[in-house]
Amino acid sequence: MRTWRGVINEFADRLPVTDTTPVVTLYEGGTPLVPAEQLSTRTGCTVYLKVEGMNPTGSFKDRGMTVAISKAIEDGAKAVICASTGNTSASAAAYAARAGVLCAVLIPQGKVALGKLAQGLVHGAKLLQVDGNFDDCLALASKLSIDYPVALMNSVNPYRIEGQKTAAFEIVGALGDAPDIHCLPVGNAGNITAYWKGYVEDERAGNATHTPRMFGFQASESAPIVRGEVVRQPQTIATAIRIGNPASWTKAVDARDASNGRIDAVTDREILAAYKLLARTEGVFVELASAASVAGLLRSVDAGLIERGQTVVCTVTGHGLKDPDWAVSTAPAPTTIPVDAHAAAASLGLT
Ligand code: F0G
């Protein structure tokens, strides 16, 4: 049996690495492309979920982090820094721990899901809560990386994009061609940039006959690209994409336009509905931000923007266990019963 070797070793010839690059890996990538039967029935399309929550730290960030950290180590870095809504910091903390370098993290105060905070802490990162939002944290992290000896691990680092493009390679490999439509959440807009780069490279390499239309989705109160202006006070329950001034804004617009795609907004209510639908009908537990891709698919189908019969891939970007508070607070509490079979059966409606 051949075992998966991680993003760098699997795709070395398509990444900016050499034989002497020290590979820092947790064997990320190789995530499942799960057929979504209920969503396919509902939309009349053939829908797949690229389940990125199956990465080692539970999000797609690991694909980019293995390349960014490996290159930083190759360049002699002793410390790395990132701003984060939680997933980037969880990933940076884990890979920095593996590489034996210091990891500094700037997070918006009170707006990071508990699981992600726990990951940063357990991997020994130095966490600073900033009295500001993600955009403030990113500006601060960028400045520190210019003025001090610390390497920036956000997706403005091109190595992050390089690593993350491998998800597109995996999809093309699994389907034998590119899908017609690719749906994903948009926050800082690194991932839509990365997927588009991957699909374009795959078409050029002759691995795919075409590129997909890229459909990106922002939360409606955090939708600067949709509105065409910076959102100073972004709001959404999907804290991972609570971003008002995306660093890769222009590249996301380029991907949208070059692919004849769309960047649209979905409401928190639509995100929550898609989150529940994924968990209850597909058996896939994602975090709220990840459900924006599926919320966007449903909205686009209902609006007649996606025709029946299309092959659609939705990236679900992070694992639901990162933010269990939402699962617990939106479902009924478990019933307490005595140690009694009849009482159990009655509670289950079996009697
Ligand atoms: N989904 C999840 C779960 C995320 O954590 C993020 C971004 C996105 C989608 C959006 O991806 O920024 O490339 O457009 N999280 C970053 C972080 C901002 O700090 O973890 P993007």
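From a predicted model like this one, the values you see are computed outputs, not experimental measurements.

Turning our eyes to something else, we now look at the packing of aromatic side chains. On inspection of all chains with the given rule, the structure shows four aromatic pairs. An aromatic cluster is built from W4, F11 and F169, whose rings are joined through pairwise contacts. We note R14 situated over the ring of F169; from NZ or CZ to the ring centre the distance is 3.6 Å.

Nonpolar side chains in soluble globular proteins tend to be buried together. Of all hydrophobic cores here, the largest spans 35 residues; its most connected members are L49 and V294. Put simply, the parts of the chain that give this core at least two residues each are β2 (46-51), β7 (181-185), β8 (213-219), α12 (268-282), α13 (288-302) and β10 (311-316). Excluding its chain neighbours within four sequence positions, the residues that come into contact with L49 are P32, L33, V34, A36, L39, L278, E282, V284, V294, C314 and V316.

Attention now moves to the site of the ligand. Taken together, 19 residues sit near the ligand, with T85, G187, N188, A189 and T317 positioned nearest. S84 places a side-chain nitrogen or oxygen 2.8 Å from an oxygen atom of the ligand. Protein coverage of the free-state accessible area of the ligand, which is 480 Å², stands at 99%. Sorting the residues of the shell around the ligand by element identifies α4 (87-99) and α9 (190-204) as the ones contributing at least two each. Here the shell around the ligand is composed, by residue class, of seven nonpolar, 10 polar and two charged. Residue contributions to the shell around the ligand reach at least three from each of two domains, namely domain 1 (7-59 + 159-329) and domain 2 (61-157).

According to UniProt, the feature "modified residue: N6-(pyridoxal phosphate)lysine" (unreviewed entry) maps to K61 in the numbering used here. In this fold, K61 is placed in helix α3 (residues 61-74). On the accessibility criterion, K61 (16% relative accessible area) is buried. Setting aside residues up to four positions removed in sequence, K61 forms contacts with N87, T88, S91, R160 and Q164.

Judged by pairing direction, the sheet is mixed, and its six strands sit side by side in the order β1-β2-β10-β7-β8-β9 without closing on themselves. A single partner strand is all that each edge strand has here, and the edge strands are β1 (33-35) and β9 (262-266). The average undirected angle you get between the axes of adjacent strands in this sheet is 25°. Packed on one face of the sheet, α12 meets β1, β2, β8, β9 and β10 and runs near 90° to β9. Against the sheet, α13 touches β2, β7, β8, β9 and β10, its axis set at about 155° to β10.

Moving on to the environment of E10. Position of E10 among the secondary structure elements: in helix α1 (residues 7-10). Placed 188 residues apart in sequence, E10 and G198 show a C-alpha to C-alpha distance of 14 Å. Reaching out from E10, the side chain makes a polar contact with the side chain of R2 at a distance of 2.7 Å.

Ordered in space as β5-β4-β3-β6, the four strands form an open sheet in which the pairing is parallel. In this open sheet, the two strands that pair with only one neighbour each are β5 (126-130) and β6 (151-152).

On to the pairing of β5, then. Examined bridge by bridge, strand β4 (residues 102-108) and β5 share five bridges and lie parallel to one another. Following the sheet pairing, A104 is matched in β5 by K126. Handedness of the β-α-β unit built from β4, helix α5 (residues 114-122) and β5 comes out right-handed.

In the contact formed by α3 and α4, the axes pass within 9 Å of each other and the chain directions differ by 45°. As judged from the angle between their axes, α3 and α4 are oblique. Considering the relative orientation of α3 and α4, their crossing is right-handed. Note on element contacts: α4 touches α3 through N87, T88, S91, A92, Y95, A96 and A99, opposite K61, D62, M65, T66, I69 and I73. When the residues that make up the contact of α3 with α4 are grouped by side-chain class, the tally is seven nonpolar, four polar and two charged.

Rules used in this analysis
- Residue positions are given per chain, counting from 1 as you read along its sequence in written order.
- Side-chain atom pairs in this predicted model are given and counted only at pLDDT of 80 or more, local residue features only at pLDDT of at least 70, and totals for whole chains, interfaces and linings cover all residues.
- Derived side-chain values reflect all non-hydrogen atoms in the structure, with water molecules and hydrogen atoms excluded from consideration.
- The aromatic pairing rule takes the rings of Phe, Tyr and Trp, using the six-membered ring of Trp, and pairs them if the centres are within 6.5 Å, calling planes under 30 degrees apart stacked, those over 60 edge-to-face and the rest tilted.
- The rule is short: NZ of Lys or CZ of Arg within 6 Å of the ring centre and within 35 degrees of the ring normal puts a charge over the ring.
- The criterion is simple. A nonpolar core is a set of buried Ala, Val, Leu, Ile, Met, Phe, Trp, Tyr and Cys residues joined through side-chain atoms within 4.5 Å.
- Type-normalised accessible area, obtained with a 1.4 Å probe on protein chains alone, sets the label of each residue: buried when under 20%, exposed when over 50%, and partly exposed for intermediate values.
- Here a strand is any run of E in DSSP of at least two residues, a helix any run of H or I of at least four, and the numbering for each starts at the N terminus.
- Note on contacts: a residue pair qualifies if any of its non-hydrogen atoms lie within 4.5 Å across the two residues.
- If even one non-hydrogen atom of a residue comes within 4 Å of a molecule or strand, that residue is called near it.
- The definition of a polar contact used here is a pair of N or O atoms within 3.5 Å, where within protein one atom must be able to donate a hydrogen and the other to accept one, and adjacent residues in sequence count solely through side-chain atom pairs.
- Accessible surface area values rest on a Shrake-Rupley calculation with a 1.4 Å probe, where residue burial reflects the displayed protein chains alone.
- Ten residues, namely Ala, Val, Leu, Ile, Met, Phe, Trp, Tyr, Cys and Pro, are considered nonpolar, four, namely Asp, Glu, Lys and Arg, are considered charged, and the remaining ones, Gly among them, are considered polar.
- Residue ranges assigned to each domain were obtained from an automatic or database domain assignment.
- UniProt positions are given in the numbering used here, feature names are shortened, and annotations may be inferred rather than shown by experiment.
- What makes two strands pair is DSSP finding at least two bridges between them.
- Every axis in this analysis is a line fitted to C-alpha atoms, fitted for helices over the stretch in contact. Angles between the N-to-C directions lie between 0 and 180 degrees.
- For a crossover, the right-handed case is the one in which the path from the first strand over the helix to the second runs clockwise, viewed with the strands pointing away from the viewer.
- For classification purposes, an angle smaller than 35 degrees is called roughly parallel, one larger than 145 roughly antiparallel, one from 65 to 115 roughly perpendicular, and anything else oblique.
- Handedness of each helix crossing follows the sense of rotation of the near helix against the far helix: counterclockwise by less than a right angle gives left-handed, clockwise gives right-handed.

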